[in-house]
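Given next are the chains, with one letter for each unit.
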2 protein chains.
Amino acid sequence: MKKTPRARQRNALSREQIIQTAITILDDLGEAGLTFQALARSLATGAGAIYWHVENKDDLLIAACDVVIERALDANVGLTPEEEICSIGLGIFDALDLHPWMGSVLSHAAGSMPTIRIIERIGNQVRALNVVEEWSVVSALLSYIVGVAAQNAANAQFALRKGLNRSKFLGEIATLWAALDPDQFPFTSSIASKLPGHDDRADFVAGIRLLVGAIRRGVDDAS
Amino acid sequence: MKKTPRARQRNALSREQIIQTAITILDDLGEAGLTFQALARSLATGAGAIYWHVENKDDLLIAACDVVIERALDANVGLTPEEEICSIGLGIFDALDLHPWMGSVLSHAAGSMPTIRIIERIGNQVRALNVVEEWSVVSALLSYIVGVAAQNAANAQFALRKGLNRSKFLGEIATLWAALDPDQFPFTSSIASKLPGHDDRADFVAGIRLLVGAIRRGVDDAS
DNA sequence: TCCAATTATGGAATGATGTTCCATAGCGCA
DNA sequence: TGCGCTATGGAACATCATTCCATAATTGGA
């Protein structure tokens with residue numbers, strides 16, 4: 001037996017501890033706030049020591065993302081497949097809203113753990129719907145959910161970096177859009193006023209329902 | 001009159017020239033390849049000079065993105081609104097596939113020019129459909145199109161960075177997924193084999209058609 | 001035509017970051 | 001007690017974006 005992971009140092013530095021600390025820093029200071037120096041300071045150690053437990057920054061970010069995603073997905077059961085898919089989507093939307101740094105991580109984490117977890121949850125519900133092209137449907141739902149949630153998170157992150165709250169941020173964009181040349185950008189300039197009061201979360205669910213409804217209809221048509 | 005933008009230096013350094021060179025570098029070397037040093041070398045100047053024409057790297061990236069998006073959107077006319085929306089989506093999908101670096105730029109460019117251009121094009125078509133909740137619909141389409149296209153581009157970028165071509169990359173992920181514990185990840189492990197042969201572009205259009213169809217149906221139901 | 005102001009340049013400095021290196025400390029085991 | 005493995009932490013390194021600054025080119029006015 002070579003593998004005896006018993007107590008090592010006095011104050012053991014563990015991968016889990018590193019990931020948790022990273023999440024705290026990311027939540028508090030945003031994506032740019034997580035540096036190996038800051039992380040080392042928080043953990044009262046040096047940057048080099050962290051690399052013993054973590055491959056590199058990407059590895060750390062994906063691991064952090066995975067922890068949060070796992071938590072976000074463990075709730076909701078006993079609903080219809082359609083409602084469950086909405087619930088999964090909302091769970092991810094809210095998680096990204098709370099942890100905006102996850103957006104860019106999820107985008108660069110193709111095929112890795114956090115994505116797999118989401119696919120698995122959606123996939124099981126889609127399978128329960130007896131769809132023919134399972135993977136196409138799951139792929140579309142995954143892309144929509146992650147894509148929209150990430151977009152929303154990016155706005156939050158952007159607002160945070162500029163020290164504005166969400167509504168101030170949307171107000172600034174609205175002002176910008178309202179000032180556009182109405183001849184060149186008739187639609188965008190006309191829609192500007194509706195931007196601040198807009199409920200992104202509600203539209204997000206509406207989009208999922210649209211997709212799920214269309215899928216359901218496809219199944220019904222075939223039968 | 002203070003503003004006389006006539007010929008300045010012998011070999012004038014212009015914003016347009018900088019942006020074009022940046023696009024070339026981004027296409028050739030990927031996102032990480034664009035540094036101010038590399039850009040200065042290509043332009044036979046110093047890094048400092050570039051800052052006279054460009055605010056910072058984000059500004060440059062957004063401007064580069066805008067040029068490509070503008071080109072990608074200037075085609076197609078004379079179709080039905082539904083088909084035009086599909087066509088716009090495909091234009092963006094293909095542009096991101098050809099220029100994978102645009103994915104992360106578009107995600108961080110909320111409310112700025114490239115996004116405005118897309119919204120404008122989609123918005124005009126949606127308006128032609130006489131939808132009640134215009135902005136909600138446009139918002140959903142925008143998110144889906146940019147989200148899915150960016151996700152696809154991220155895969156391409158990731159594959160590029162690992163020196164693999166697209167199918168080798170998908171094959172690697174498929175192997176990874178196939179090796180998952182079937183008890184813990186029944187869906188993902190079962191779907192692994194279908195990953196490499198999968199046509200993302202076709203599914204992308206299918207998703208748009210699903211959304212557009214649902215919107216259309218909503219309009220018909222109301223009338 | 002010459003001069004001062006403005007516009008523009010390019011290369012050197014700055015500061016921050018991810019990552020690697022390395023001397024050494026803690027710990028289990030013989 | 002000493003050998004070897006696991007860990008540690010801080011210094012060193014290379015790379016960037018960005019800022020600074022001395023100075024060149026150009027222009028508009030006297």
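See the structure above.
Quantities reported herein were computed from a predicted structural model and do not represent experimental measurements. (Residues numbered from 1 in each chain as written. Chains lettered and ligands numbered in written order. Predicted model: local features only at pLDDT ≥ 70, side-chain atom pairs only at ≥ 80, totals over all residues. Heavy atoms only, no water.)

Caption draft 1: Highlighting the overall build of chain A. A count of helical and extended segments in chain A gives 11 helices and 0 strands. Each helix and strand of chain A, ordered N terminal to C terminal, gives the series α-α-α-α-α-α-α-α-α-α-α. In terms of overall dimensions, chain A has a C-alpha envelope of 65 × 50 × 25 Å along the principal axes. Across the 223 residues in chain A, those meeting the buried criterion constitute 52%. Here the analysis covers contacts within chain A between residues at least 6 apart in sequence; of these, 63% occur between residues at least 24 apart. (Helix = DSSP H or I, 4+ residues; strand = E, 2+ residues; numbered from the N terminus. Buried < 20%, exposed > 50% of the residue type's maximum accessible area, 1.4 Å probe, protein only. Contact = heavy atoms within 4.5 Å.)

Caption draft 2: Representation of the pattern of salt bridges. For the structure shown, the criterion picks out 16 salt bridges over all chains. A salt bridge links A:Arg117 to A:Glu70, with the nearest nitrogen and oxygen atoms 3.7 Å apart. In this pair, A:Arg117 sits in helix 7 (residues 113-128) while A:Glu70 sits in helix 4 (residues 57-73), placing the two residues 47 residues apart along the sequence. We classify A:Arg117 as buried; its relative accessible area is 15%. Between B:Arg15 and B:Asp59 there is a salt bridge, and its shortest N-O distance comes to 2.7 Å. Here B:Asp59 lies in helix 4 (residues 57-73) and B:Arg15 lies in helix 1 (residues 15-29), a separation of 44 residues in the sequence. Look at B:Asp59 and you get partly exposed, because its relative accessible area is 21%. Through salt bridges with shared partners, a single network forms among A:Asp66, A:Glu70 and A:Arg117. (Salt bridge = Lys/Arg side-chain N within 4 Å of Asp/Glu carboxyl O.)

Caption draft 3: Molecular detail of the interface of chain B and chain A. Taken together, the contact between chain B and chain A spans 51 residues of the former and 53 residues of the latter. Here chain B and chain A share an interface that buries about 4,400 Å² over both sides, 67% of which is from carbon and sulfur atoms. Joining chain B to chain A, the criterion identifies 0 salt bridges. Scanning the region where chain B abuts chain A turns up 12 residue pairs in polar contact (both at pLDDT 80 or more). Residue assignment for the side of chain B that touches chain A shows that the elements contributing at least two residues are helix 6 (102-107), helix 7 (113-128), helix 8 (134-161), helix 9 (166-178), helix 10 (186-191) and helix 11 (200-222) of chain B. Among the residues making up the side of chain B that touches chain A, the classes are represented as 27 nonpolar, 16 polar and 8 charged. (Buried area = accessible area lost by both parts, 1.4 Å probe. Polar contact = N/O pair within 3.5 Å; in protein donor to acceptor, adjacent residues only side chain to side chain. Nonpolar A, V, L, I, M, F, W, Y, C, P; charged D, E, K, R; others polar.)

Caption draft 4: Summary view of the nonpolar core. One finds A:Trp177 and B:Trp177 to be the most contacted residues of the largest nonpolar core, which totals 145 residues. Contacts of B:Trp177, omitting those with residues within four sequence positions, involve A:Gly111, A:Ile116, A:Ile119, A:Trp135, B:Thr188, B:Ser189, B:Ile191, B:Ala192 and B:Leu195. (Core = buried A, V, L, I, M, F, W, Y, C linked by side-chain atoms within 4.5 Å.)

Caption draft 5: Spotlight on the relation of the copies chain B and chain A. The transformation that overlays chain B on chain A combines an axial shift of 0.0 Å with a rotation of 180°, and the residual RMSD is 0.0 Å. Put plainly, the chains are arranged around a two-fold axis. Proximity to the rotation axis, assessed at the C-alpha, singles out B:Gly147 in chain B; its C-alpha lies 1.9 Å from the axis. A share of 100% of interface residues in chain B that are also interface residues in chain A marks the association as one of identical surfaces. (Least-squares fit on C-alpha atoms with pLDDT ≥ 70 in both.)

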